[in-house]
Amino acid sequence: MLGFMFSSIVGGQLLSRTGRYKLLAMGGFAVAAIGMFLLSRMTVTTVEGEVVRNMIITGLGIGVMMSLFTIVVQNAFPYRQLGEVTAGVTFFRSIGSTMGVAVMGTIMTNAFQSNLQSNMPQALTRLVPPDRLTQLQNPQLLLAPDVLARIQHGFAAFGSQGMVLFHQLLEAIRVSLATAITNVFFLGFIIMLLGLFVTLFLREIPLRKSNGTQAAAASPTGTNRSRALLGLTLALVARQAQKPEANTQILTTLASAANGRYPETWSEEQRGKAVAQDIIEPLSIVLLASSIGNGRGHANGAVSKIPEGRSPEASDMRSTDSFIG
């Protein structure tokens with residue numbers, strides 16, 4: 001874990017300073033593969049210092065990759081998909097770790113049982129009942145001194161031969177467990193080499209210096225698509241309504257929006273055309289001009305101030321209501 005944390009911090013600093021991640025990924029896989037290979041070479045006589053060294057080397061390699069590939073995936077997709085791809089990385093990483101623990105645990109258990117059967121003293125199978133022999137095949141015996149003392153006391157009943165069998169049993173458990181563990185680490189070494197090979201084909205995309213959403217929001221000439229679309233639609237309606245052969249349904253709809261603004265003696269056609277000319281057409285010009293100026297400029301050069309806390313769309317709707325009355 002110390003190696004993991006150290007390499008994660010150093011790898012993050014190198015990534016932010018250089019912007020290059022392919023070499024870091026390849027280095028992480030290479031170091032992790034070396035650590036896995038050293039772990040696969042351990043035996044029952046391996047000292048604690050060697051075990052700690054091998055674990056630190058493995059942690060140094062894996063620590064670089066854990067944070068690195070999250071940034072690589074986030075950098076390869078648009079900002080609007082950042083949440084999706086980050087969740088995807090976490091999801092598939094969780095699936096991989098769950099499957100890895102299950103598969104590796106199964107491989108280690110089967111290897112331990114197979115090795116223990118071949119290393120078990122033959123005389124032990126004749127002296128110990130089968131149900132009791134199954135309990136003696138548990139590797140947890142090596143970690144429970146009180147249970148181990150009781151089993152040793154039970155073997156003492158067989159005399160000197162019993163104590164010899166007891167020590168042979170412990171040695172068989174140690175050798176079988178060590179072999180099973182190192183087999184798992186060798187498989188991890190193969191997987192790390194596979195990851196290193198795949199990383200050779202990783203396309204290195206330059207890291208983004210800023211996110212696209214903030215850049216678009218900061219641009220004073222950015223176009224507001226929703227207001228531009230609404231302005232174009234209203235302009236089209238106003239033009240169609242002012243034609244001599246205007247659709248009667250459009251004129252009726254516009255006349256109903258006049259809300260007493262025009263004399264009741266006017267026909268629906270007259271009121272509809274008046275609404276199109278006096279309200280709809282100016283409003284479409286305002287929307288189109290404000291969309292080009294990101295909601296701050298108008299076609300006549302006036303500046304429209306939108307109160308804080310209110311969205312541009314809400315301001316446009318309020319303006320529409322005031323026009324229609």
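Just above, that's the structure.
What counts and how
Residues numbered from 1 in each chain as written. Predicted model: local features only at pLDDT ≥ 70, side-chain atom pairs only at ≥ 80, totals over all residues. Heavy atoms only, no water. Helix = DSSP H or I, 4+ residues; strand = E, 2+ residues; numbered from the N terminus. Buried < 20%, exposed > 50% of the residue type's maximum accessible area, 1.4 Å probe, protein only. Contact = heavy atoms within 4.5 Å. Phe/Tyr/Trp six-rings, centres within 6.5 Å; stacked < 30°, edge-to-face > 60°. Expected span 1.5 Å × (residues − 1). Arc of directions from axis to C-beta. Axes fitted to C-alpha atoms, helices over the stretch in contact; angles between N-to-C directions. Nonpolar A, V, L, I, M, F, W, Y, C, P; charged D, E, K, R; others polar. Salt bridge = Lys/Arg side-chain N within 4 Å of Asp/Glu carboxyl O. Parallel < 35°, antiparallel > 145°, perpendicular 65-115°, else oblique. Left-handed = near helix turned anticlockwise from the far one by under 90°. Polar contact = N/O pair within 3.5 Å; in protein donor to acceptor, adjacent residues only side chain to side chain.

A. Looking closely at the overall build of the protein chain. Per the secondary structure count, the protein chain includes 13 helices and zero strands. From first element to last, N terminus to C terminus, the protein chain shows the α and β order α-α-α-α-α-α-α-α-α-α-α-α-α. A burial count over the protein chain gives 30% of its 325 residues as buried. The long-range share in the protein chain, meaning contacts at least 24 apart out of those at least 6 apart in sequence, stands at 69%.

B. Seen up close, the packing of aromatic side chains. Summed over all chains, the structure comprises five aromatic pairs. Geometrically, the ring pair formed by F37 and F189 is tilted, given 5.2 Å between the ring centres and 50° between the ring planes. Of this pair, F37 sits in helix 2 (residues 22–40) while F189 is found in helix 8 (residues 160–199), placing the two residues 152 residues apart along the sequence. Residue F37 is classed as partly exposed on the basis of its relative accessible area of 34%. Seen from their ring centres, F197 and F201 are 5.3 Å apart, and the 75° between their planes marks the pair as edge-to-face. What links up through ring pairs into an aromatic cluster is the set F37, F186 and F189.

C. Here's a closer look at the environment of V73. Among the structural elements, V73 can be located in helix 3 (residues 48–75). Using a relative accessible area of 25% as the deciding quantity, one classes V73 as partly exposed. For the pair V73 and G88, spaced 15 residues apart in the sequence, the C-alpha separation amounts to 9.6 Å.

D. Fine view of helix 2. With 19 residues, helix 2 extends 27 Å between its outermost C-alpha atoms, agreeing within 8% with the 27 Å of an ideal straight helix rising 1.5 Å per residue. What helix 2 keeps buried is the set L24, A25, G28, F29, A32, A33, G35, M36, L39 and S40. Axial view of helix 2: buried residues confined to an arc of 170°, hence all on one face.

E. View of the packing of helix 7 (residues 145–155) against helix 8. Running from N to C, helix 7 and helix 8 cross one another at 145°; their axes reach a closest spacing of 8 Å. Side by side, helix 7 and helix 8 meet where L148, I151, Q152 and F155 of the first sit next to G162, M163, L165, F166, L169 and L170 of the second. Tallied by class, the residues present in the contact of helix 7 with helix 8 amount to eight nonpolar, two polar and no charged.

F. Quick look at the pattern of salt bridges. All chains considered together, the criterion is met by two salt bridges. For R20, the salt bridge goes to E204, with nearest N and O atoms at 3.0 Å. Residue R20 is found in the loop between helix 1 (2–18) and helix 2, and its partner E204 is found in the loop between helix 8 and helix 9 (212–218); the two are separated by 184 residues along the sequence. Residue class for E204 comes out partly exposed when judged on its relative accessible area of 26%. Between E50 and R53 there is a salt bridge; the shortest N-O distance is 3.9 Å. Linking E50 with R53, this pair stays in helix 3, spanning three residues, or about one helical turn. Taking relative accessible area as the criterion, E50 reaches 31% and is therefore assigned partly exposed. In this structure R53 comes out as partly exposed when scored by relative accessible area, which is 41%.

G. Expanded view of the packing of helix 10 (residues 225–241) against helix 12 (residues 268–292). Closest axis-to-axis distance for the helix 10/helix 12 pair is 8 Å, and the angle between their directions is 155°. Taken together, the axes of helix 10 and helix 12 are roughly antiparallel relative to one another. Relative to helix 12, the crossing made by helix 10 is left-handed. On helix 12, the residues that touch R227, A228, L230, G231, L232, L234, A235, A238 and A241 of helix 10 are K273, A276, I280, E281, L283, S284, L287, L288, S290 and S291. Of the residues that constitute the contact of helix 10 with helix 12, the class distribution is twelve nonpolar, four polar and three charged.

H. Looking closely at the environment of R93. Relative to the helices and strands, R93 resides in helix 4 (residues 82–119). Leaving out residues up to four positions away in the same chain, R93 has contacts with M65, M66, F69 and T70.

I. Just the side chain of S7, in detail. Within the element layout of this structure, S7 appears in helix 1. A residue is classified by how much of its surface remains accessible, and S7, at 5% relative accessible area, is buried. A distance of 3.0 Å separates the side chain of S7 from the backbone oxygen of G3, its partner in a polar contact. With residues up to four places along the chain from it excluded, the contact list for S7 reads G59, L60, G63 and V64.

J. Quick peek at the side chain of N115. Along the chain, N115 falls in helix 4. The buried category is assigned to N115, whose relative accessible area is 19%. Residues in contact with N115, not counting those within four places in the same chain, are S176, T179 and A180.

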